[in-house]
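An overview of the molecular structure
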Amino acid sequence: MLNLITVRATIPTGNMMAKYFGTNGIRGTMETVGTELALQAAQAIGSYFKCGKILVARDHRLTGEALRNAVVAGLQSVGCDVIDIGIATSPTAEFMLKKLGGDGLIIITASHNPPEYNGLKVIDGKGVSISKERGGEIEKLFGKAKPAAHGAIKPAKEYRGSAREHMDAMMALLHPEKFAKRKPFIILDIGNGTAATIAPQLFKELGCKILSINSHMDGHFPGRPSEPREENIQDLIRMVKETKADAGIAWDGDGDRVVFVDEKGNFVVGDKVYALSVLLKLKEGKGDVLTTVATSKAVEDVASKFGCKTIYTKVGAPYMSEEMAKGKAAIAGEEVGGVIYPELSLAKDGIFTAAKIVEAICGKPLSKWMEEIPAYYNVKARVECGEKGKKSILDGINRHAKQKGYKIMDIDGIRLTFDDSWVIVRASGTEPYVRIFGEAKSKGKAEALVKEYEKLAKGFL
Ligand code: MG
């Protein structure tokens, strides 16, 4: 009998109840996502992917090897062909799925979470991340996977050198001559994560002058918390100023998220990194732009400037990759940083995102580029409301917006768009409150907007 503890609050997803799968796979501490759950999940995932060829990768977390062993054993036990690419960034693993082909990929990682966490990101053979809803389908197979017949259990194959292959693919999409000519001086804050396997080498080969901090992989994350928020990268900001570097770059633990510090020491938050990435992409050629409903309007403003359409999805990397798989959009990204370049994979590639921006810095300083991105101020709030209150608030806001004739987007919460501001009211998936997020051209306007909707939300309880 397995002692499985729920990692996340149970989230109703239509008729499906995902117990273990959250926003992007399964995540928790070793007490909740241990080797037993990993083995059972891998058997179910293997069955879901028709017991085909499955790639396995992991980050460097202390629990990674144990979970890797359980995942490989689970996949083997149901007859999968396992290709183990070892320790790699998530973008490298997702690129290798596209390159080697396969029926699925499991990345053992807890992304930006604290050291005691780990988890499984699951990606199908088309490169689409498994959402909560599809995770619910996989969970139906928990404990029901059929063991492979005698003789059908195959040895796992080790595949090495994937960082090199990912680097070569990125370099083919860049203009190395621009780097070689300008030789920008950049500081890399690896955050003791898996970006160590690829970022310093890539920028060195491109001809940049580099200085790396928190540069060794360490599952204790001694340098800084893994999430590259402004308060966590103060050392990097100080070093950029002191050394007069052209930029600072910081990644999360598995290298899919990235943020920047400009040459003046200003923090460039994730959605501004994305807005600039969109600008650079559309300068090369037009195409639709994909983002989530919680991302800055700066992205849509940049796309409109080029006469391009913005497509919105629910919040969460799997929903963006599902939409990207339809092949309509040229680029995708969200507020936490990291951009999807479909040339490489349908997942956020924080390494390539960084390289494209450094390439742009070779032409003019990052602060100058940022002047081309419309400035918005954002304010966040939340209203405690219990599970029942979430529906009352969202229904109430919807009614209110309809009465007023506002422009409503209701794919994930209620987003209302005004002339040069917008606000979104969304229920938290895991906790008993609704989040309110507003953006406007001035701080005062953004504060007033969020205050107005906070008061309105409380009135519907
Ligand atoms: Mg991550």
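Residues numbered from 1 in each chain as written. Predicted model: local features only at pLDDT ≥ 70, side-chain atom pairs only at ≥ 80, totals over all residues. Heavy atoms only, no water.

Ordered in space as E16-E15-E17-E18, the four strands form an open sheet in which the pairing is mixed. The open sheet has two edge strands with one neighbour each: strand E16 (310-313) and strand E18 (339-340). Direction of pairing for strand E17 (residues 329-333) relative to E18: antiparallel, over a ladder of two bridges. Bridge pairing in E18 links Gly 333 to Val 339. Seen against the sheet, helix H11 (residues 317-324) touches strand E15 (288-292), E16, E17 and E18 and runs at an angle of roughly 180° to E17. (Pairing = 2+ DSSP bridges. Helix = DSSP H or I, 4+ residues; strand = E, 2+ residues; numbered from the N terminus. Contact = heavy atoms within 4.5 Å. Axes fitted to C-alpha atoms, helices over the stretch in contact; angles between N-to-C directions.)

Turning next to the sheet that holds strand E10 (residues 185-189). Strands in a sheet are paired, the pairing made by backbone hydrogen bonds, and the direction either parallel or antiparallel. With mixed pairing, the five strands of this open sheet are ordered in space as E11-E10-E12-E13-E14. Edge positions in the sheet fall to strand E11 (209-213) and strand E14 (267-268), since each of these pairs with one other strand and no more. Pairing between E10 and strand E12 (residues 247-251): four bridges, direction parallel. Bridge pairing links Ile 187 to Gly 248 in E12. Here helix H8 (residues 234-243) sits on the sheet and contacts E10, E11, E12, strand E13 (258-261) and E14; the angle it forms with E10, its principal contact strand, is near 165°. Lying on the sheet, helix H12 (residues 350-361) is in contact with E10, E12 and E13; it crosses E13 at an angle near 25°.

Moving on, we get to the domain arrangement of the protein chain. It is common to give the size of an interface as the accessible area lost on bringing the parts into contact. Per the domain assignment, the segments of the protein chain are domain 1 (4-160), domain 2 (164-370) and domain 3 (377-459). Using only C-alpha atoms to locate each centre, domain 1 and domain 3 end up separated by 35 Å. (Domains from an automatic or database assignment.)

Turning to the side chain of Thr 295, a few remarks are in order. Relative to the assigned elements, Thr 295 resides in the loop between E15 and helix H10 (297-305). Residue Thr 295 is classed as buried on the basis of its relative accessible area, which comes to 0%. A polar atom in the side chain of Thr 295 sits 3.0 Å from the side chain of Thr 292. Dropping the residues within four chain positions of it, Thr 295 is found in contact with Asp 271, Gly 333, Glu 334, Glu 335, Arg 415 and Trp 422. (Buried < 20%, exposed > 50% of the residue type's maximum accessible area, 1.4 Å probe, protein only. Polar contact = N/O pair within 3.5 Å; in protein donor to acceptor, adjacent residues only side chain to side chain.)

All right, on to the coordination of the magnesium ion then. Taken together, the protein donors to the magnesium ion comprise Ser 111 (OG), Asp 252 (OD), Asp 254 (OD) and Asp 256 (OD), at separations of 2.0 to 2.2 Å. One chain supplies every donor to the magnesium ion, and in sequence these donors are spaced S-x140-D-x1-D-x1-D. Here Asp 252 lies in the loop between E12 and E13 and Ser 111 lies in the loop between strand E7 (104-108) and strand E8 (117-124), a separation of 141 residues in the sequence. Overall, Ser 111 belongs to the buried group, its relative accessible area being 4%. On the basis of relative accessible area, Asp 252 is assigned to the buried category, the value being 0%. (Donors = N, O, S within 2.8 Å, 3.2 Å for Na, K, Ca; no water.)

Position of Ser 345 relative to the elements: it lies in the loop between E18 and H12. Residue classification places Ser 345 among the buried positions, given a relative accessible area of 4%. Measuring from C-alpha to C-alpha, the distance between Ser 345 and Lys 209 comes to 28 Å, with 136 residues separating the pair along the chain. Contacts of Ser 345, omitting those with residues within four sequence positions, involve Glu 94, Phe 95, Lys 98 and Ile 340. There is a polar contact of 3.2 Å between the side chain of Ser 345 and the backbone nitrogen of Ala 347.

Looking now at helix H2 (residues 64-77). End to end, H2 covers 20 Å across 14 residues, agreeing with the expected 20 Å (1.5 Å per residue, within 8%). For H2, every residue scored as buried is listed here: Gly 64, Leu 67, Arg 68, Ala 70, Val 71, Val 72, Gly 74, Leu 75 and Gln 76. Gly 79 sits one or two positions beyond H2 and adopts a positive phi of about 95°. (Expected span 1.5 Å × (residues − 1).)

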